[in-house]
Structure formats: C-alpha cells, structure tokens
Amino acid sequence: MNAIQTFKLTKKFDSLVAVNGIDLEINKGELFSLLGPNGAGKTTTIRMLCCLLKPTRGTASILGHDIVKTPFAVKDVIGVSPQDTTLSERLNCWENLALIGKVHGLSSDTVARRSKELLETMGLMERGKDQVRKFSGGMKRRLSIAMALISDPQVLFLDEPTLGLDPQARRNIWDYIDTLKGKKTILLTTHYMEEADSLSDRIGIIDEGRIVALGTSRELKTQFFEMQSMAVSTGNITAEVIEDLQSKYSRLEMTKGKLKIYHKDLDFKGIVDYLHSRGITVYSAALEQPTLEDVFIQITGKKLRD
Amino acid sequence: MKFWEIGKRNLKEIYRNPVLLGFLLGMPLAFMLVFVAATGGGQASPIALSVVDEDSSQTSSAFIQYVGGVGAIELNEPVYSEKSEAQEELDEGKISFYLLIPAGFEAAQQTQQTINLELIYKAADPMMGLQLKPIIEAVGSEFLGVAPPLNVELKGTESIIKNPAVNFYAPGIVVFGLMILISTAAEIIAGDREKGFLARMFTTPARPWDFILGYSLPFIPVLIISTFIYLGVGIALGLTVVGNLGHAFLVFFLIGLCGIGIGMIVGSLVKSESQAGVSWIFIVPIAMISGTMFTVEYMPSALRSVAGALPFIHAVDASRAVINGSSFSAIIIDFYWLIGWAVVLFATGIVLFRRTMVS
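Residues numbered from 1 in each chain as written. Chains lettered and ligands numbered in written order. Predicted model: local features only at pLDDT ≥ 70, side-chain atom pairs only at ≥ 80, totals over all residues.

Peer 1: What exactly am I supposed to notice about the overall build of chain A here?
Peer 2: Tallying secondary structure elements over chain A gives eleven helices and 14 strands in all. Projected onto the principal axes, the alpha-carbon positions of chain A cover approximately 75 × 45 × 35 Å. Every one of the 306 residues in chain A was classed for burial, and the buried ones make up 40%. Here the contacts in chain A between residues at least 6 apart in sequence split such that 69% fall between residues at least 24 apart. (Helix = DSSP H or I, 4+ residues; strand = E, 2+ residues; numbered from the N terminus. Buried ≥ 20, exposed ≤ 12 C-beta atoms within 10 Å, placed from the backbone. Contact = placed C-beta atoms within 7 Å.)

Peer 1: I'm lost on helix H4 (residues 108–121) of chain A in this one. Help?
Peer 2: Side chains three or four residues apart in an α-helix point the same way, a direct result of the helix having 3.6 residues per turn. All names here are of chain A. For H4, built from 14 residues, the straight-helix expectation of 20 Å at 1.5 Å per residue is met to within 8% by its first-to-last C-alpha distance of 20 Å. Looking at H4, one finds that the buried residues are Val111, Ser115, Leu118 and Leu119. Here the buried residues of H4 occupy an arc of 95° about the axis, which is enough to place them on one side. In H4, the exposed residues that point more than 90 degrees away from the buried face are Asp109, Arg113 and Glu120. The first or second residue beyond H4 is glycine 123, which carries a positive phi of 70°. (Expected span 1.5 Å × (residues − 1). Arc of directions from axis to C-beta.)

Peer 1: Explanation requested: the sheet that holds strand S1 (residues 4–13) of chain A in the structure shown.
Peer 2: Backbone-to-backbone hydrogen bonds pair the strands of a sheet. The strands run either parallel or antiparallel. Residue and element names in this part refer to chain A. Taken in spatial order, the four strands of this open sheet run S2-S1-S4-S5, and their pairing is antiparallel. Every interior strand has two partners, whereas the edge strands, strand S2 (16–26) and strand S5 (65–66), have only one. With seven bridges connecting them, S1 and S2 associate as antiparallel partners. Residue pairing across strands places glutamine 5 opposite glutamate 25, the latter belonging to S2. (Pairing = 2+ DSSP bridges.)

Peer 1: Explain the domain arrangement of chain A here, please?
Peer 2: Quoted interface sizes are often the accessible area lost when the parts come together. For chain A, the assigned domains read domain 1 (4–222) and domain 2 (226–289). Computed over C-alpha atoms, the centres of domain 1 of chain A and domain 2 of chain A are 43 Å apart. (Domains from an automatic or database assignment.)

Peer 1: Would you explain the interface of chain A and chain B in this entry?
Peer 2: Facing the 22 residues of chain A at the interface are 20 residues of chain B. Looking at the side of chain A that touches chain B, the elements with two or more residues in it are helix H2 (71–77), strand S6 (78–81) and helix H3 (93–103) of chain A. For the side of chain A that touches chain B, the element with the most residues is H3(A), which contributes five residues. Along the lines of polarity and charge, the residues of the side of chain A that touches chain B split into twelve nonpolar, three polar and seven charged. (Nonpolar A, V, L, I, M, F, W, Y, C, P; charged D, E, K, R; others polar.)

Peer 1: I would appreciate a short explanation of the nonpolar core in the present structure.
Peer 2: If you look at the biggest cluster of nonpolar residues, it comprises 145 residues, and the most contacted ones within it are Ala146(A), Ala185(B), Ile255(B) and Leu338(B). Ranked by the residues each element gives to this core, the list is headed by helix H13 (residues 245–269) of chain B, at twelve residues. For Ile255(B), the contacting residues outside a window of four places in its chain are Val175(B), Leu178(B), Pro311(B), Phe312(B), Ala315(B) and Leu338(B). In terms of nonpolar packing, the next biggest core, distinct from the first, is built from 20 residues, Phe63(B), Ile73(B), Leu99(B) and Phe105(B) among them. (Core = buried A, V, L, I, M, F, W, Y, C linked by C-beta atoms within 7 Å.)

Peer 1: It is not clear to me how the packing of helix H8 (residues 164–178) of chain B against H13(B) should be interpreted in this structure. Could you clarify?
Peer 2: Pairs of packed helices are described in terms of their axes, by the angle between the two and the distance that separates them. Residue and element names in this part refer to chain B. With their axes 9 Å apart at the nearest point, H8 and H13 run at an angle of 25° to one another. Classified by the angle between their axes, H8 and H13 sit roughly parallel to one another. Judged by the twist between their axes, the crossing of H8 over H13 is right-handed. Contact with H8, carried on its side by Val174, Val175 and Leu178, involves Phe252, Ile255, Gly256 and Gly259 of H13 and no other residues of that element. (Axes fitted to C-alpha atoms, helices over the stretch in contact; angles between N-to-C directions. Parallel < 35°, antiparallel > 145°, perpendicular 65-115°, else oblique. Left-handed = near helix turned anticlockwise from the far one by under 90°.)

Peer 1: Just checking my understanding: could you explain the environment of Pro82(A) for this structure?
Peer 2: Of note, Pro82(A) is situated in the loop between S6 and H3. Measuring from C-alpha to C-alpha, the distance between Pro82(A) and Ile150(A) comes to 15 Å, with 68 residues separating the pair along the chain. Residues contacting Pro82(A), with those up to four places away along its chain left out, are Asp159(A), Gly196(B), Ala199(B) and Arg200(B).

Peer 1: Any chance you could explain the pairing of strand S9 (residues 202–207) of chain A here in plain terms?
Peer 2: Across a regular strand the side chains alternate sides, sitting on one face of the sheet and then on the other. Residue and element names in this part refer to chain A. Bridging between strand S3 (residues 31–35) and S9 involves four bridges; their strand directions are parallel. In the sheet register, phenylalanine 32 faces S9, and the bridge partner there is arginine 202. Bridge count for S9 against strand S10 (residues 210–215) is five bridges, and the pairing is antiparallel. When the sheet's bridge partners are listed, glycine 204 is paired in S10 with leucine 214.

Peer 1: In this structure, what is going on with the confidence of the model for chain B? I would like to understand it.
Peer 2: Low-confidence regions, as indicated by low pLDDT, have predicted coordinates that should not be scrutinised in detail. Residues and elements named next belong to chain B. Mean pLDDT for chain B: 80, with 87% of residues reaching 70 or above. Mean pLDDT values over the elements of chain B span from 44, in helix H7 (residues 157–160), up to 92, in H13. Across residues 148–159, confidence stays below pLDDT 50; counting only partners more than four residues off in sequence or on other chains, it has 33 contacts. ipTM for the predicted complex: 0.81, alongside a pTM of 0.72. (pLDDT = per-residue confidence, 0-100.)

Peer 1: How should I be thinking about the environment of Thr356(B) in this particular structure?
Peer 2: Tracing the backbone shows Thr356(B) in helix H18 (residues 332–357). In this structure the C-alpha to C-alpha distance between Thr356(B) and Leu269(B), which are 87 residues apart in sequence, comes to 7.8 Å.

Peer 1: What should I look at first to understand the sheet that holds S6(A) in this one?
Peer 2: Residues and elements named next belong to chain A. Pairing in this open sheet of six strands is mixed, and the strands run S6-S7-S8-S3-S9-S10 from one edge to the other. At either end of the open sheet lies a strand with only one pairing partner, and these are S6 and S10. In this sheet, adjacent strand axes meet at a mean angle of 15° when their direction is disregarded. Here S6 pairs with strand S7 (residues 155–159) via four bridges, running parallel.

Next comes the structure, spelled out in structure tokens:
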C-alpha cells in the first residue's frame, strides 16, 4: 500500500483549474518533493491532502484513508507544517506543542517526553518557556516543524518549510528533515531547488495544475536536459567571435566576461582551440552538469507567474 | 477533551494580552460609570413633582401628603387646584411634569371604582415621566389599595429604590455591555483564521464542537467577572436590588452566552478580524431596539416584534423586573426564551464551523 495515493485529484476555483486530475503515488518512507512555479497548484494539492479543501473531482487516500469520506481518520495520521508559521503567539514552545499533542489525543506524559526530545533536536530548549511572539523567523519555523511532529505522524506535510530563512537556519532544518528520511513519508513543497535536490527521493514538477515531470533528480536531469553546457572565462572576446559561436551552437549566454555555451555533445577541446586561434585569452573553461533549476526552467519556462 | 485544550489555549491568549484583557474588563467599569453619571445617577436626588388637586378632598390631600413622604419624590409648592395653572408652568419650563388628581378621586376611592391618575410631562423628556410612573403607581396602589397596572412587586418599592434612574438604566447597560462579547469572540476566531492558525488546527482530529466549545469557554470567566463588575459598580452608584440578585445574574449570564454564541457564528462566517468588527453595525441597532439604552414603549410595533423575537429585550425586561422586585415566576418566559436562543445559537455555530473546516 502506498502512503499517499491520488486519483484524478482535481480542484477548481470558479473557472480556474488549480489542480487538474493529478495521479500520484508516494511510497511509505519516501521523501517526495513537489516543485512548481507560484500558483502551479502545490499548496492546493497539500491542502486537499490535509482535508482542508474538498476536491472538485477525484480523491486521494492517506495510508488507505479516503480524504473525502474519512477526513478525521486522515487527520489522525498526518502532521502538517503549513507555509505560514502559524503558531499560538502568546503561548510558549511547550504550550504550543502540548496543544497539538493533546488535540491528537496524546497523554500528558507522552507530550512532555516528545516535547523535550523535539525542543532539544530543534535547538529550542533554552527558549522553551518564552512566548513565541518574541522568536525569530527561523525559530518559529523550527517550532512549526516540531508541532507537525509532536504526534509522531506517519505522514508529514511540509509546505515550504525553509521559506524566508537564512542559510544557517535552512541547513539546520535540512539536516533534521534528512534524519526523518525512511522513517516517515514526507511530502515537501519548496522553491529551493537545492533543497529538493539534496533531500528528495523523488521529485514531481507541477505546472498549471498538472504533474509535468516525475522522477529522481538524476532521472529528471537526464530526461529533460539533453544539452551539455560549458562555461568559459575570457578576457578579450569580440563581437565577431560571439556571432560566430552563436551560429554554431544551440544557445549562448554572455555575462561579465563569462561565456556559457549550450549544445548537445559539446566539443570541449574544439571550442578552446577555436578561441585560441582567434586570439582570445581563455582564463578557465569547464564543462558543467545541468542543475535541477536548469531542468525546472526548461520544463516550466521563464515566463513570470503570479 | 480536545475542546478543553483549545479552550486553555484561548484563555491564555486572552489573559496574556493586556490590551484585550484591559478592554474586556475595563469596559464594564467605564461603561457603567459613564452611563450612570450621564443619567444623573451619581447622587440619589429626589424627583421634583408638582400636583394638581381637582378633587380637593380629604382623601386627595392625604394622598398628596403620602406621595410627598416618598424618599424619591420632592413635592413642589404650591399644590395647584386648576390644571391650566400647572400646564402653563409646564409650558414655560418652570416645572418638568405634574400629577393630576381628577375630581371624583375620593368618591371613586370610597366606591372602589377605577381611579385614573395622570402624569403629565414634557414630550421632549419622556424618560423622567417614565421613571416616575412606576413610583406613582406603586404609591397609588399602596395608598388606595388598587391593583397596579405594571407587573412589578410593590412591597415598599417606592421607598426602597434610592435612585429610579439607576434602576431603570443599569440592567440595560449591563446587557448592552455584554454585547461586546459578540465582537470580541468573533474577532478572536477571525484573527486565528486570518493568521492561518485555525487552518493548522483544522488539520488535527479536533471536531467542530471542540472548536466552538474551545473558543467559548474562555469567555465564561470574562462574562462572570464582567457581570460582577457591572453589578458592583451599579450598586456602588445607587442601584437598589429589591429582588433576587442571583436571578438577575442568571439572566445576565444567559444573555452573555447568547452573545458568545453569536460571536461564534460571526467568527465562522467572516474571513478576517476587520470583517468581524463589522458586527457592531448590527449590535448597536439591536441594542437600541432592545431597550438597553432607553425605553421601547413608544417604538413602532413592527420594531417591537423584531426586538421581541431576539433575546436581548427579554434579558433587559427580565433583569429589570427581578432587580426591581419581581419573582422568578414573573420572568419565566423570558428565561426560557434566553435558554432557547443560547441552544440555537451554539448549535448553529457548530453547523457553520463544520462548513468552514473544509472549503
């Protein structure tokens, strides 16, 4: 049995189709990242899976519980860290954790034990008794994730868990999420490609409500980015040379003395020799691997989204 | 006991917020002080009454003397024998109102016939006449042995009530003041919805009634403390409790519950804290037509019907009645009306909350 399975999951808001017939299977213990531009349907999908939105068509099951027919059974087995750090601002860490834990039916002893573990893990023990309205964004995020974990859920939804955090706080949360891999089924949405690349077992790219790409990071890079790229630092490149290269290769980008050439089966040595022959100084040259961001842009395009 | 956990959280959010707490508990104090002061209730000053004695009999003289002996009334001199004299003084603004004892007063008293006393007052100041009316009725019925037209217990009411204005206004002020719970309860729910906290809670296994009870419970201590403050300040400023204070407290508690129930409904319907503030557009007119601030005796019957269908006028009438000496049996219909409304409002709140949990 899959941990999460969707069946033609669809959500319409008037004439807008936010999620359009998604069929998805996420295995138990898998960390699955859902990537997509703004308004692609990531959060709407998560909100349906958390029983906050009723699908217009189709359904989904979480550990075998139907999200439409048995929402409270679903809520028993999930933990959610929403996009906004929605905490009870005048409660301290312990009280916030106790609220969620006890609403999930945990005993006071269990809540106390798990709260201690989570506060230690998240580095919040010292500030545990402070009202959370005094916390920084990073601390609030960490507490929000701890609240999602207090009930020891089998399925965890993390909606943009590192949004707006500084690099240190982001890495701290990545490290923790990494420790959960294999133990819990995690559905993560993020805008940070590096986050999805390093954490995910599989990635789904969603655009205009549809899953447009699905696979491991490596599979996506191979499947959607056939071209190689080569970065060359030059000192004295001329317009004539650039024009010549543009006519020979698929794509050319020139920024601050750095030349980036995209083409299928790039001839590395041939390009360097050509530049030398035209009297261009080459400071450095290297073949580059495509990044997940390259894949993402390749699939979803460069057009700005709202 | 999920609702208990939600309730504990909401109580902490209230008492750790000094601005909100100050507003909720300072409001009864300020409200009562301002209203009672504005209605001249600070001092128990007697009402100056002029009398026209068209009967000029021994009985009418004795009655005038009896009225003059009531603490809340100060008789003006002289006693007129012609109505036109008093009317002229009234028209000129020299007196505020006069009591007309008609010819045949003594004869009617001796033959046990209905006696009509008229209290004539300036149309521009109906409140003074209305305050005096029950006192005259009480004094008249006690002196003459005629059953009073008002449904009040008259055992010495006229001499016990130190300040009729305070006794008239205070129950209405308490009911109006407790209506603040409508907007406050609605704003707390709407605020949690706006910040996304409710959405997070909706992903937990808590049920709709857990939320309704959890958001209502913290207002119970607020309601009880507010009512104590209202009544305490009222008594300090001259409110005379002739009847059973416990019955009055029960009425205020029930109308407070209704207010919280309405707050739950409004909170379920609106999407933001600012939208919840719009509830005042309804609160103030409803308070007005429910007689919380002035009498509704002259209100058009259609408006009276609207007010009568709502719980607030029942709370005002019932609390005013029990404070002024009526027994509990006299307010039993109002009491059931309030209980019925409280049940309906909370049930509606749960239904609406269930709908908002999944959009």
